[in-house]
Amino acid sequence: MYMRELTAPNKRLLLVKVEGIPEELRVRPQWVVWKAVGDKPDKVPYSARTGRRASSTDLLTWSTFQEALEAYENGEYAGLGFVFSSADPYTGIDLDNCVGGDGEIAVWALEIVRYFDSYTELSATGTGLHVIVRGEIPNRRKGEVEVYSSKRFFTVTGHVVEVSGD
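Residues numbered from 1 in each chain as written. Predicted model: local features only at pLDDT ≥ 70, side-chain atom pairs only at ≥ 80, totals over all residues. Heavy atoms only, no water.

### Describing the pattern of salt bridges
The final tally for this structure, using the stated rule, is four salt bridges. Residue Glu23 pairs with Arg26 through a salt bridge whose shortest N-O separation is 3.9 Å. Taken together, the residues Glu23 and Arg26, both in helix 1 (residues 23–26) and three residues apart, mark about one turn of the helix. Judged by relative accessible area, which is 48%, Glu23 ranks as partly exposed. Owing to a relative accessible area of 22%, Arg26 belongs among the partly exposed residues under this scheme. (Salt bridge = Lys/Arg side-chain N within 4 Å of Asp/Glu carboxyl O. Helix = DSSP H or I, 4+ residues; strand = E, 2+ residues; numbered from the N terminus. Buried < 20%, exposed > 50% of the residue type's maximum accessible area, 1.4 Å probe, protein only.)

Structure below.
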């Protein structure tokens, strides 16, 4: 895994692997870039076109995948982000703190990934998973699981995680 150093102490982020990102998502003009802010770090979205903060509810601040990729490759931003909108068929499932330092995925997260059997990747920190599925589910959060089908963005790394069946 290739990592990018952050300004926050002991924090690293995965570099984007473009080839892992599904074409189905790349063709949609729902992309932003983001910066890591603070120790956690918080992931703050920016417009690739203007360099100003982006909004997960204002499509005028979003860009094409190519525009976002070019902005990311210029080195000012920590990564790429995909914005979920009521106008698309996607829902994102964010599984936090489920990947150990050895790459082992927690059983509870494996069950979710296997159930949905969809595009799954490592989160930007490498400690969680993002699953993107077709279908709409109301936004919700419970424990280490967050589900969003609109008004949110996910960092996208392209570090695909493939989980075999039982």
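Having seen the model, we can carry on.
### Focus: the nonpolar core
Counting residues in hydrophobic clusters, the biggest one holds 23 residues, and the most contacted among them are Ile21, Trp31, Val33, Leu80 and Phe82. Take this core: its biggest share by element is five residues, from helix 2 (residues 65–73). If we ignore the near neighbours within four places in the chain, the residues touching Val33 are Val44, Pro45, Tyr46, Ser47, Ala48, Ala68, Ala71, Tyr72, Tyr77, Gly79 and Leu80. The next biggest cluster of nonpolar side chains, apart from the first, holds 16 residues, and it includes Ile93, Ile105, Val113 and Val161. (Core = buried A, V, L, I, M, F, W, Y, C linked by side-chain atoms within 4.5 Å. Contact = heavy atoms within 4.5 Å.)

### Notes on helix 2
Turning to helix 2, its buried residues are Phe65, Ala68, Leu69, Ala71 and Tyr72. Take helix 2 and look down its axis: the buried residues cluster within an arc of 165 degrees, on one side only. Downstream of helix 2 by a residue or two, Gly75 has a phi angle that is positive, lying close to 95 degrees. (Arc of directions from axis to C-beta.)

### Some details on the packing of aromatic side chains
For the coordinates displayed, the defined rule picks out seven aromatic pairs. On the basis of an interplanar angle of 80 degrees and a centroid distance of 5.4 Å, the ring pair of Phe82 and Phe84 is categorised as edge-to-face. Judged by its relative accessible area of 0%, Phe82 falls in the buried class. Phe84 sits in the buried class, given a relative accessible area of 1%. Arranged with centres 5.0 Å apart and planes meeting at 85 degrees, the rings of Tyr115 and Phe116 form a pair that is edge-to-face. With a relative accessible area of 66%, Tyr115 lands in the exposed category. Stacked on the ring of Tyr46, the Lys or Arg Lys35 has its end atom at 4.8 Å from the ring centre. (Phe/Tyr/Trp six-rings, centres within 6.5 Å; stacked < 30°, edge-to-face > 60°. Lys NZ or Arg CZ within 6 Å of the ring centre and 35° of its normal.)

Read these as layout, nothing more, since geometry by itself doesn't imply function.
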